[in-house]
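Residues per chain, in single letters:
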Amino acid sequence: MASKFCRHICPHNCYNTCGLVSLVEDGRITGLYGDPAHGYSRGHLCRFGYRYLDLFYHPERVIYPLRQVPRSGNWRRISWDEAYELIAGKMLEIKERYGSFLPVFLYSNSGNIGILHQAWNWLAQALGAVTTATGSLCWGAGLDAMTYSCGLPDSPDPENMARANYLLVWGTNPACTAIHQMEYLYQIQEKGGRIVVIDPVFTATAARADLYIQIKPGGDGALAVGMARYLWQEGLVDKYFLENRVHGWSAWQEYLAGLDVRELEEVTGLSWKSICRLAEEYASHKPAAVWIGFGMQRHINGGQNIRAITALAAMTGNLTEEGGGVYYGRPGTGGLFTDSWEWMAGRGRPRTLAVHELARGLKKAADPPVKMAIVANANPLVQNAVTRELKNTLGELELVVFCGHFLTETAKAADVFLPAATFLECWDVVPSYWHRWIGINEPAVRPRGECCSDILIVGKLAETLNELQPGSCPFPYHWTEEVWMEQVFNREVYRLLGIRHYRELLAGPRKLNLPANPWGEGRFATPSGRFELVSQKAARVGRPLLPVYVAPAAGTEAYPYRLITPHTGAGLNSQFYNLGDAPEPVAMVHPRLARERNLGSQRPARIYNQWGEVTLPVTITHHVPPETIVCPQRPLTGGQMLNDLTAPLAADMGDVNCGNPGLAYYDTFVNISPV
């Protein structure tokens, strides 16, 4: 029996970005294991990694091009040539009709974070005058907040978190979403350090903490400035750091002096005594670290919340401490790879739509209107706001193309399905937005059926465009996957990895040679060269000069209850739920809310607002705040979508790093009634 082992990196949008090894026997993958050479995941996988072969060989995986005529579930198999000619022909017909490719909407998101899976975005850059979406559904407000304070969005090496003596896990649930990081949290506790979880919901991580603090949703900035006020009043600050490494300390003191303690108590749901005790603990346990979760910045005050929390690290001098500091995310790792070439230039600029209001943007786009959409690495009819409205908008387009693995809700709204290869079937390099390890994917087997990698699909589409209209697309369609790998690796990446060629990574992943703490030397890429409490850059674009507390969004008489839809360990965004082992969807409510609305345990309830409605069974628990409904992300029955309820509401930041503000998912308000 012929057998071999191949190396891979999981490319899903996840903190872990695990290393994997596949066992191939007689042309079939028979085993998938953790790669012990990967220094972060260290030979372990999450539940999805161990079950990935179930997805790979899933009977519902689409492995041939399909066409749906009409959009009614009537799919038929077509050839790749037929698919390419249909898509390219429509693009060129639209270009002839309107004078450019602007009516073509290209949307590729983070369903696969491998570098070569940027192919659809590179095609958009090559075509120039097309329509794209900007803004992040995930983390944009937080990236901007870090930029205003520190100059660049960055994060310390998460492996160094174990060196902290105190950790605030603020608005994240790594027991479900970053399981490998839990080992470093346990190391803190084993040496006598403390873990404090601050979250509106009592999570699996909170159950493992030394202290859990249940804060009102959106009140994080109020808690941070309250802690800052106490630290300043009690002299629990690093005076040297403030005088030599911080810009705006005097203005910040003036702001703190004017805070109303009773207002902070009301907004946070915490007593002033509790706020002070937390501040004192944080200041007295150096090095102290803060891990800020992505959920916290999904509010209309999300960026300001993170600015305020980061200010605590600066005030106490923890920002530059080894093991201390502020952990959020590191987009710069992916940016080390080459993603811009001369052939991309000179074709005009794309028209951009804000991702937080994509349905409205597509509808309102004019002169010319959007007439066609290509969607890849994304499932917007599940993940974006007002999904029912977005579905109706896509339904009005002349042609919708979907590239993926399964007939998702978005795929079902398409005319053409292009079957994409998985990371086990193609070359790619996968950076992490969390840790520093880099590895590559090598194809373990030939793609199943007629599946093809995104980069080669885009190349063939570009070739077809040029066959039908010579010179219409400069995308280099003749490059193989391995030529693309040569292109995206560059001298700087090789230097940081200590290698000379990407194929050396076949021997095992390597760690980027970067500082453990990007601010360890007290230097910041801000205009002042210091950590900026006062940010003129923020003020120039209409944001507060200081990291002041901004009041959270509030409900109305008609829709008084906040809806929170957190991640769970059962799936990743809309991925992995077709493995069939996810718990049933529920609406979690506090006993007080259950009494007020006459809701019964395990009885169905209608959750609704002006955008849509869903019906879910109720779970009554003290784990959620009294005026909040928590619906963990899971597929619903009967075609229901949780994000039918999500308002197209912008977070307060995100445009600096992502082109548009993020989506304020957690400022969605609803009502609830028994069925």
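Residues numbered from 1 in each chain as written. Predicted model: local features only at pLDDT ≥ 70, side-chain atom pairs only at ≥ 80, totals over all residues. Heavy atoms only, no water.

### A word on the nonpolar core
And step 1. Counting residues in each nonpolar core, the largest one holds 92 residues, and the members touching the most others are L168, W170, M227 and W252.
And step 2. Those residues in contact with L168 that sit more than four places away from it in its chain are V196, I198, M227, L278, Y282, A289, V290 and W291.
And step 3. Counting 61 residues, the second-largest nonpolar core is a separate cluster that includes I94, L399, W427 and V429. (Core = buried A, V, L, I, M, F, W, Y, C linked by side-chain atoms within 4.5 Å. Buried < 20%, exposed > 50% of the residue type's maximum accessible area, 1.4 Å probe, protein only. Contact = heavy atoms within 4.5 Å.)

### Digging into the packing of helix α9 (residues 220-233) against helix α14 (residues 302-315)
And step 1. Between α9 and α14, the least distance of the axes is 7 Å, while the angle of their chain directions is 25 degrees. As judged from the angle between their axes, α9 and α14 are roughly parallel. Along this stretch, α9 crosses α14, giving a crossing that reads as left-handed. Here α9 contributes D220, G221, A224, V225, M227, A228, L231 and W232 to the contact with α14, which in turn contributes N305, A308, I309, L312 and M315.
And step 2. The residue inventory of the contact of α9 with α14, partitioned by class, reads ten nonpolar, two polar and one charged. (Axes fitted to C-alpha atoms, helices over the stretch in contact; angles between N-to-C directions. Helix = DSSP H or I, 4+ residues; strand = E, 2+ residues; numbered from the N terminus. Parallel < 35°, antiparallel > 145°, perpendicular 65-115°, else oblique. Left-handed = near helix turned anticlockwise from the far one by under 90°. Nonpolar A, V, L, I, M, F, W, Y, C, P; charged D, E, K, R; others polar.)

### Some remarks on the sheet that holds strand β15 (residues 372-376)
And step 1. Spatially, the eight strands line up as an open sheet ordered β5-β4-β17-β16-β15-β6-β7-β14, and their pairing is mixed. Single-partner strands in this sheet number two, and they are β5 (75-77) and β14 (351-354). When the angles between neighbouring strand axes are averaged without regard to direction, this sheet yields 25 degrees.
And step 2. Bridging between strand β7 (residues 131-134) and β14 involves four bridges; their strand directions are parallel. Counterpart to T132 in the pairing with β14 is T352. (Pairing = 2+ DSSP bridges.)

### Notes on the layout of surface pockets
And step 1. When its volume is computed, the second largest pocket comes out at roughly 460 Å³.
And step 2. In terms of lining, the second largest pocket is formed by 20 residues, of which the most central are K216, P217, R562, E627 and T628. (1 Å grid on protein atoms, 1.4 Å probe; cavity = no way out; pocket = protein on both sides within 12 Å on 5 of 7 lines; lining within 4 Å. Points joined across faces, edges and corners; volume = space filled by probe spheres on them.)

### Brief notes about the packing of aromatic side chains
And step 1. Counted by the stated rule, this structure contains 34 aromatic pairs.
And step 2. Each ring, one from Y327 and one from W434, has its centre 6.3 Å from the other, and the planes form 55 degrees; the classification is tilted. On the criterion of sequence distance, the pair formed by Y327 in strand β13 (residues 325-327) and W434 in the loop between β18 (428-430) and β19 (437-441) is long-range, its members being 107 residues apart.
And step 3. Note on W434: relative accessible area 0%, which makes it buried. (Phe/Tyr/Trp six-rings, centres within 6.5 Å; stacked < 30°, edge-to-face > 60°.)

### Notes on the pairing of β7
And step 1. Pairing of strand β6 (residues 104-108) with β7, which is carried by two bridges, proceeds in the parallel orientation. Within β7, the residue paired with F105 across the bridge is T131.
And step 2. One crossover worth recording links β6 to the parallel β7 by way of helix α4 (residues 119-127), and it is right-handed. (Right-handed = clockwise from strand over helix to strand, strands pointing away.)

### Things to note about the environment of N609
And step 1. You can see N609 is positioned in the loop between β24 (604-608) and β25 (613-620).
And step 2. Excluding anything up to four places from it in sequence, N609 contacts Y559, L645, T668, F669 and V670.
And step 3. Here the side chain of N609 touches F669 through a polar contact of 3.2 Å, landing on its backbone oxygen. (Polar contact = N/O pair within 3.5 Å; in protein donor to acceptor, adjacent residues only side chain to side chain.)

### Some thoughts on the sheet that holds strand β2 (residues 19-25)
Working definition: the strands of a sheet are paired by backbone hydrogen bonds and lie parallel or antiparallel to each other.
And step 1. Ordered in space as β1-β2-β3, the three strands form an open sheet in which the pairing is antiparallel. The open sheet has two free edges, formed respectively by β1 (3-9) and β3 (28-34), since each of these has just one partner strand. The average angle at which neighbouring strand axes cross in this sheet is 25 degrees, direction not considered.
And step 2. Bridge count for β1 against β2 is seven bridges, and the pairing is antiparallel. Bridged to C6 within β2 is S22.

### Remarks on the packing of α9 against helix α13 (residues 272-284)
And step 1. Orientation of α9 relative to α13, taken along the N-to-C sense of each, is 70 degrees, at an axis distance of 9 Å. Comparing the axis directions of α9 and α13 gives the class roughly perpendicular. In this structure, α9 crosses over α13, and the sense of that crossing is right-handed. Counting all contacts with α9, which are made through L223, G226, M227, R229, Y230 and L231, the residues of α13 involved are W272, I275, C276, L278, A279, E280, Y282 and A283.
And step 2. Its residues assigned to classes, the contact of α9 with α13 comprises eleven nonpolar, one polar and two charged.

### What about the environment of A411?
And step 1. Mapped onto the secondary structure, A411 falls in helix α19 (residues 409-412).
And step 2. Under the relative-accessibility criterion, A411 is labelled buried at 0%.
And step 3. Residues A411 and N379 lie 32 residues apart in sequence; the distance between their C-alpha atoms is 7.9 Å.
And step 4. Apart from residues lying up to four places away in sequence, A411 is in contact with Q68, W75, F402, F406 and F417.

### Topic: the pattern of salt bridges
And step 1. A full pass over the atoms with the stated rule returns 29 salt bridges.
And step 2. Here K216 and E266 are joined by a salt bridge, their closest N and O atoms 3.4 Å apart. Taken as a pair, K216 in the loop between β10 (211-213) and α9 and E266 in helix α12 (residues 261-268) lie far apart in primary sequence, 50 residues in all.
And step 3. When its relative accessible area of 35% is taken as the criterion, K216 is described as partly exposed. (Salt bridge = Lys/Arg side-chain N within 4 Å of Asp/Glu carboxyl O.)

### Describing the side chain of N671
And step 1. In this fold, N671 is placed in strand β27 (residues 668-674).
And step 2. On the basis of relative accessibility, which here comes to 9%, the residue N671 falls in the buried class.
And step 3. Here A558 takes part through its backbone oxygen, which lies 2.9 Å from a polar atom of the side chain of N671.
And step 4. Sequence-distant contacts of N671, that is, excluding residues within four places in its chain, are made with A558, Y559, P560, Y561, R597, R606, I607 and Y608.

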